Amino acid sequence: MWLSKSVRVSLLPSIAKFPPFLPMHNSLFCSHSHSQTSLYDEAVSQFNNLLRERHVPPIFEFGKILGFLVRMKQYPTAISLIKQMELKGIHNDLANLNLLINCFCHLHKLALAFSVFAKILKQGYHPNAITLNTLMRGLCDKGEVKEALNLHDKVVAIGFRLDEFTYPILINALSKIGEIEAAIKLFRTIQDPSTVMYSIIIDCLLKEKHPQEAYDFYFEMVIKGISPDVVTYSTLIYGFCLVGQVEVAVGFLNEMLSNNITPDVYTYTILIDALCKEKKLGEAKNVLSVMLKAYVKPNVVCFNALMDGYYLVNKVKNIKQVFSAMTHMGVSPNVRTYTIMINGLIRNERVDEAINLFQEMPSRNILPNSVTYSTLIDGLCKTGRISHAWDLFHEMHDRNQQADVITYSSLIDALCKNHHLDKAIELLRKMGRLNNAQEIFQDLLNKVHNLNISTYNAMINGLCREGLLDEALTLWSKMEDCGCLSNAITFEIIIFALFKMGETEKAEKFLHKMIARLVEMMKGDTLFQ
DNA sequence: TTAGGGTTAG
C-alpha cells in the first residue's frame, strides 16, 4: 500500500509499441577512429616534451597530463613520469603528490601511498581533503575499513576539515562489508546528507533485502527537498527488481521520466537484465530499442545481460545476432561475454561448442578467469568428461586462477560419483592449503551423501594422512549421523592418526568407543566385520 | 590536474 502513489501507469505496454528489432547501422554508435593507445602515446610524448623544455613549464601543465593518464587508469605510467620529473629536479606540488597517492592506492600499494603522505608533511605542505579522502579510499578498497575510520577520527580530532566527498567513501565502504547499521549511524551524524549518500544507503538496504527501509530513506530525501538523480533512480529500479517488485521498479522509471531525469546506460541495462532473468526477452528487446532511439549506446555489460537472457530461453541462434550487433557497434566482448556464452552453450547441451569457444579466447586476447574455468569444468563433469575437467583444473592452477568452493564442489561431486576416490583425496589435500578450506569442506559435507563405508574410509584416511584431523573427525561424525556406522577399518585409521599426532587422550577415547561398539554388536549377535 | 554513489557470468 505504501507505494501505491508512486506506482504510475506501467511503462511496459508503451515499450511494447516499439519495433521488434533495432537499427544496428546507426553511425552514431560506430566505434571511433581514435584508439585508446594513440591517446596514451600522445599524452606520454607531450609529457616528455614538457620535460625537455629549457625553462621548466608550470607544474599544472604536467598535472593536466598526469590527470588524463590517471583517468585512463594508467597508474604505473603516471608514477614513472612523476619519478622522471623528480629526477630532473622538478618539485611536484600538492596536487601532483595527491595524484601519486591516488596511483599507489589504485595499485594497492598503501605503504608507498603513505610514504608520499609523509613526504607531503615533511616538505611543509598542508594536506587537503583530497589527500585524506584518497588515502581513506585506498584503505577501504584494500578492506581496511577500520583503519580508514581511525584515520578519519584522528584528523577530525585535530580539527581537520573533511568535505562532502569523505562520507560517501566511508559510508560506502561500511555498506559493502555488510556493516549497514554502522553505515546508517555514520550517515546520521552528517547534517546535510547529499543525494550520493542517500543513494548509497538505499542501495545497501535494497541489496540486503530491506525494501521498506530503503523506501523510507527515499521518501525522507524527497521530503527534505534533496532530489534523487539518475543514480538514485537506477539504484531503486535495480533494488526493487532484486526483491521481486518489478511493478514498483517500473513506477520509479515512470517517475524519473516525469521528473525529466534521463535514464542512462546503467538504467536501461538494469531493466534489460531484470526482464531477461524473468525470460521476458521480447520486452527486454523493446527496452533496448527505446534505449537506441534515445541515443544511449549499449555497452558490453548490456550486451552480456541480453545474451545471458537468450541462453536462458534456449535461443542459441539469436546469440550470434547479438554478438555481431555488438561487434558492429564497436563494443568489444570481454571475459564475461565468453563465460556467458560458454555457460549458455553448456546449458543447451552443446559442450563441444563451449570448448571451442574457450579455446578461441586467447587469440582474442581475453584470458579465462576462475569463473570461466569453473563453468567449463562443471559442464565437463556433468557430461562425464572427468579427465578433461581434471586437466582444466590443473591448467587453471598453473595460470594462477584460484579454484574456489564452486570449482571444488563440481569436481569432488563428479569424482565421488564416478569412483575416482584417489583424485577426490588429491583435491582434499589441495583444499587443506587454502584459506577458505573450512568453507569448501562444509560445502563438501553438504554434497556428499549416500556414500558407502569404504568411500568414507578412503576419504577419512586421505584427510588424516594430510594432517587434516579436525576435518577427518567432522566427516566421521557426518558419516555416523547419516546412519553409516564405522567399521574396524574406520576406527583403526582414526586411532592411528590420533596417536601419531600426539592426541593420546582422544585416541584412547576412540579405542574405548570401538570396544564398546564391539561389545554392543556382539550382544546383538552381529558379527563385527 | 587530483576525490564520492548505480549494471552483467559459474
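Counting restarts for each chain, with residues numbered from 1 along the sequence as it is written. Labels follow written order: the first chain is A, the first ligand is 1, and so on. The model is predicted, so local features are restricted to residues of pLDDT at least 70 and side-chain atom pairs to those at 80 or more, both for listing and for counting; the totals for chains, interfaces and linings are taken over all residues. The side-chain values count all of the structure's non-hydrogen atoms but skip hydrogen atoms and water molecules.

Visitor: Would you mind showing me how to read the overall build of chain A here?
Guide: Along its length, chain A carries 29 helices and zero strands. Per-residue accessibility, obtained with a 1.4 Å probe over protein chains only, is compared with the maximum for each type, and a residue is labelled buried under 20%, exposed over 50%, and partly exposed between these values. Relative to its 529 residues, chain A shows a buried fraction of 47%. The contact rule is simple, with two residues in contact once any of their heavy atoms fall within 4.5 Å. The long-range share in chain A, meaning contacts at least 24 apart out of those at least 6 apart in sequence, stands at 61%. Surface accessibility follows the Shrake-Rupley procedure with a 1.4 Å probe radius. Residue values consider only the protein chains on display as shielding. As displayed, chain A has an accessible area near 28300 Å², and 55% of this comes from carbon and sulfur atoms. Elements are defined by DSSP. Helices are runs of H or I of four residues or more, strands are runs of E of two residues or more, and each kind is numbered from the N terminus.

Visitor: I tried to follow the packing of aromatic side chains on my own but got confused; where do I start?
Guide: We describe a pair of aromatic rings using the distance from one ring centre to the other and the angle between the two ring planes. Each aromatic pair joins two rings of Phe, Tyr and Trp (for Trp, the six-membered one) with centres within 6.5 Å, and gets the label stacked for planes under 30 degrees apart, edge-to-face for over 60, and tilted for any other angle. All told, the structure shown has 16 aromatic pairs when counted by the stated rule. Plain terms: the ring middles of Phe240 and Phe252 are 5.6 Å apart, the flat faces sit at 35 degrees to each other, and that makes the pair tilted. With Phe240 in helix α13 (residues 230–242) and Phe252 in helix α14 (residues 246–258), this residue pair connects regions lying twelve residues apart in the sequence. Phe252 shares its class with Phe240; the two are buried. For the pair Trp476 and Phe510, a centre-to-centre distance of 5.0 Å together with 65 degrees between the ring planes defines the contact as edge-to-face. Residue Trp476 is found in helix α27 (residues 469–481), and its partner Phe510 is found in helix α29 (residues 504–523); the two are separated by 34 residues along the sequence. Here the two residues Trp476 and Phe510 agree in accessibility, since each one is buried. Placement of a charge over a ring requires the Lys NZ or Arg CZ to be within 6 Å of the ring centre, with the centre-to-atom vector within 35 degrees of the ring normal. The ring of Phe510 carries Lys513 above its face, with NZ or CZ at 5.1 Å from the centroid.

Visitor: Quick question: what am I supposed to make of the side chain of Ser486 here?
Guide: Mapped onto the elements of the fold, Ser486 is located in the loop between α27 and α28 (488–500). Definition of a polar contact: a pair of N or O atoms within 3.5 Å, with one able to donate and the other able to accept a hydrogen when the atoms are protein atoms, and with sequence-neighbouring residues admitted only if both atoms are side-chain atoms. At 2.7 Å, the side chain of Ser486 and the side chain of Trp476 are in polar contact. Reaching out from Ser486, the side chain makes a polar contact with the side chain of Glu480 at a distance of 2.5 Å. In this view, Ser486 contacts Ile453, Trp476, Met479, Glu480, Phe491 and Arg517; residues no more than four positions away in its chain are not counted.

Visitor: Help me out: how do you make sense of the protein's contact with DNA strand B in this one?
Guide: Any residue with a non-hydrogen atom lying within 4 Å of a molecule or strand is treated as near it. Contacts to DNA strand B come from 56 residues, most closely from Arg71, Ser199, Ser234, Asn304 and Ser374. Within 4 Å of the protein, atoms of DNA strand B come from sugar and phosphate in 41% of cases. One of the side-chain N or O atoms of Asn133 is found 3.5 Å from a base nitrogen in DNA strand B. Side-chain polar atom of Ser234 to a base nitrogen of DNA strand B: 2.5 Å apart, as the coordinates give it. Under this grouping Gly is polar, as are all residues other than the nonpolar Ala, Val, Leu, Ile, Met, Phe, Trp, Tyr, Cys and Pro and the charged Asp, Glu, Lys and Arg. The residue inventory of the surface near DNA strand B, partitioned by class, reads 17 nonpolar, 24 polar and 15 charged.

Visitor: I tried to follow helix α5 (residues 94–106) on my own but got confused; where do I start?
Guide: Two residues of an α-helix separated by three or four positions point the same way, owing to the 3.6 residues in each turn. Here a helix's expected span is defined as the number of its residues, less one, multiplied by 1.5 Å. In a regular helix each residue adds 1.5 Å, so 13 residues correspond to 18 Å; α5 covers 18 Å between its end C-alpha atoms and thus fits that length. With eleven of 13 residues buried, α5 lies mostly within the body of the structure. Leu94, Asn96, Leu97, Asn98, Leu99, Leu100, Ile101, Asn102, Cys103, Phe104 and Cys105 are the residues of α5 that are buried. Buried residues along α5 sit in contact with α3 (59–71), α4 (75–87), α6 (110–122) and α7 (129–141). Of the residues flanking the end of α5, it is His108, one or two places downstream, whose phi is positive at about 60 degrees.

Visitor: How do you make sense of the environment of Asn365 when you look at a structure like this?
Guide: Mapped onto the elements, Asn365 comes out in the loop between α20 (351–360) and α21 (370–382). A relative accessible area of 73% places Asn365 in the exposed class.

Visitor: Hey, could you run me through the nonpolar core in this one?
Guide: Side chains of a nonpolar character, in soluble globular proteins, are inclined to be buried together. Counting residues in each nonpolar core, the largest one holds 163 residues, and the members touching the most others are Ile171, Ile237, Phe252, Ile272, Leu376 and Ile460. For each domain, the first and last residues come from an automatic or database assignment. Structurally, this core is a two-domain feature, drawing no fewer than three residues from each of domain 1 (334–447) and domain 2 (449–529). Those residues within four positions of Ile171 in sequence are excluded, and the remaining contacts are Ala183, Leu186, Phe187, Ile190, Met197, Ile200 and Ile201. Definition of nonpolar core: a set of buried residues of the types Ala, Val, Leu, Ile, Met, Phe, Trp, Tyr and Cys, connected through side-chain atoms within 4.5 Å.

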